Amino acid sequence: MRILFLVWSSYPADQIYADPSVFYRCFHPAEALRKEGLLVSVLHREAISVDQLTEYDVVIFFRPQFSESFLKLFYAAEENSILSIASYDDLFFDINLLRQSNFRGLGAPQTQILNSRPYNYAQAMYFFDYFIASTDYLGERLGQGAEVKRIHIQYNAVSNEMFSLARLCTQRIERVSKRIGYFAGGASHSPDLEDISNQLAQVITEQEAEFFCVETVTVPKAIMDTGRVVTTPRMSYAGMVRAYSSCCVTIAPLHLNKFTSSKSGIKYLEASLVGAASVATPIPDIMRVSDERLVPVARLNDWKKGLLAGLALPTSAEITETQQEKIHDNFTTAIEARRLRKFLEEVSNAGPYSGKDMPGKKPSPLTPARRSSGRSTKAKKA
């Protein structure tokens, strides 16, 4: 089976792996699937021709947006009996839930946001019968109001390469006493940090702690005024693992709503892999992967209490090793790749719904095969 992850990203075609979503949702699965013996490519939509597209049996359209070029690629796949699947890792296609995001509060160009989200995503979704989602809740939203044949949940997970790097970092990098780390993916999380800034500043001052932050967000004045802030430019993935290793606690504050409920809990796995505790908003996916090293904070007023509890959790080489073993046994890209391969083989062969796309859960009424929407998308057999 020849598989192509076809990427819609604002990053240039030669820099798509700098896009965190592409890294987690395309690069990691592609590497793991190759180890399963499959031929897998990851390409930007602007870097492929129709002739190249026909070399594949399956095309996973990652975050596709409707346009003339999208139609050209989609119909080329259909005409050549190539199985087409749409993959999503956020709720940008739902305008009502987009209002619950932080974009309106950033002074961001609203016309640009609304021109690209959510209508272009929603229009592209119309063409697909098969979907991949990053979380259970996102999968449920994809299935609402749509005639879909199958939705597969492919969780974000930890790669073997990250395991090796984490072990190396925890052996060689000294943890900074009472360092609280924040590794936000982008500027849209600045309001989340602002919300807890006064409580975080109190904890930093009272505990003589240190706040370590990637410069993807604006550090609020209350935190800067503590004089105990260390910032770093956006890092490579390897650099991020090294930075995680220096922290005792990491934080992941979010506005808890339907939009954020679709997000991944990968930040907890990354922190736990190097033995750091986490204090976080209890979105469903982070609770799915969490254990006693997570301090969930559901109410805004409880963040100081949660931060103090997180700092009180011990750290040691033994704790780190235990966490790594747990993650290796349950939350790896190898595990997810095997599940994804099975899904692709089943839908390529037009197999009936098995109810096993979401391990440990009963089949959702949103995911079984439904009556055909009338589109003829015949798939090749592997």
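Reading the values: rules and limits
- Residues numbered from 1 in each chain as written.
- Predicted model: local features only at pLDDT ≥ 70, side-chain atom pairs only at ≥ 80, totals over all residues.
- Heavy atoms only, no water.
- Pairing = 2+ DSSP bridges.
- Helix = DSSP H or I, 4+ residues; strand = E, 2+ residues; numbered from the N terminus.
- Axes fitted to C-alpha atoms, helices over the stretch in contact; angles between N-to-C directions.
- Contact = heavy atoms within 4.5 Å.
- Buried < 20%, exposed > 50% of the residue type's maximum accessible area, 1.4 Å probe, protein only.
- Arc of directions from axis to C-beta.
- pLDDT = per-residue confidence, 0-100.
- Phe/Tyr/Trp six-rings, centres within 6.5 Å; stacked < 30°, edge-to-face > 60°.
- Lys NZ or Arg CZ within 6 Å of the ring centre and 35° of its normal.
- Polar contact = N/O pair within 3.5 Å; in protein donor to acceptor, adjacent residues only side chain to side chain.

**A short note on the sheet that holds strand β4 (residues 83-88)**
Then, number 1: Taken together, the 6 strands give an open sheet; going across it, the order is β2-β1-β3-β4-β5-β6, and neighbouring strands pair in parallel fashion. If you trace the sheet from one side to the other, it starts and ends with β2 (39-44) and β6 (150-153), each paired once. Each adjacent strand pair in this sheet contributes to an overall mean axis angle of 25°, direction not counted.
Then, number 2: Here strand β1 (residues 2-7) runs beside β2; their pairing, made up of 6 bridges, is parallel. Along β2, the bridge assignment pairs Val 7 with His 44.
Then, number 3: The sheet contacts of helix α17 (residues 333-348) involve β1, β3 (58-62), β4, β5 (130-133) and β6, and relative to β6 the element is tilted by about 170°.

**Things to note about helix α15 (residues 303-312)**
Then, number 1: Within α15 the residues assigned to the buried category are Trp 303, Gly 306, Leu 307, Gly 310 and Leu 311. An end-on view of α15 places all buried positions within 135° of arc, on one side of the element. Of the exposed residues in α15, those oriented more than 90 degrees away from the buried face are Lys 305 and Ala 312.
Then, number 2: If you follow the buried residues of α15, they end up packed against β7 (179-182), α10 (197-207), β10 (249-252), β11 (277-280) and β12 (294-296).

**Describing the environment of Ala 157**
Then, number 1: Among the structural elements, Ala 157 can be located in the loop between β6 and α8 (160-172).
Then, number 2: In this structure Ala 157 comes out as buried when scored by relative accessible area, which is 6%.
Then, number 3: Between the alpha carbons of Ala 157 and Ile 335 there is a distance of 8.6 Å; along the sequence they are 178 residues apart.
Then, number 4: Leaving out residues up to four positions away in the same chain, Ala 157 has contacts with His 28, Ile 266, Phe 331, Thr 332, Thr 333 and Glu 336.

**Quick notes on the confidence of the model for the chain**
Then, number 1: When pLDDT is averaged along the chain, the result is 86, and 84% of the positions lie at 70 or above.
Then, number 2: The low-confidence segment residues 351-382, where pLDDT is below 50, has 73 contacts with residues more than four positions distant or belonging to other chains.

**Describing the packing of aromatic side chains**
Then, number 1: The tally for this structure, following the rule as stated, stands at 24 aromatic pairs.
Then, number 2: Ring plane angle 55° and centroid distance 6.3 Å describe the contact between Phe 66 and Phe 70, whose orientation is recorded as tilted.
Then, number 3: Taken together, the ring pairs in this structure connect Trp 8, Phe 61, Phe 66, Phe 70, Phe 74, Tyr 75, Tyr 88, Tyr 126, Phe 127, Phe 128 and Phe 131 into an aromatic cluster.
Then, number 4: One Lys or Arg, Arg 288, reaches over the ring of Tyr 155 and ends 3.6 Å from the middle of that ring.

**Side note on the environment of Asp 90**
Then, number 1: Take Asp 90: it is sitting in the loop between β4 and α4 (95-98).
Then, number 2: For Asp 90, a relative accessible area of 8% puts it in the buried group.
Then, number 3: Sequence separation of Asp 90 and Phe 259 is 169 residues, and the distance between their C-alpha atoms is 8.0 Å.
Then, number 4: A polar contact is formed between the side chain of Asp 90 and the side chain of Lys 263, at a distance of 3.1 Å.

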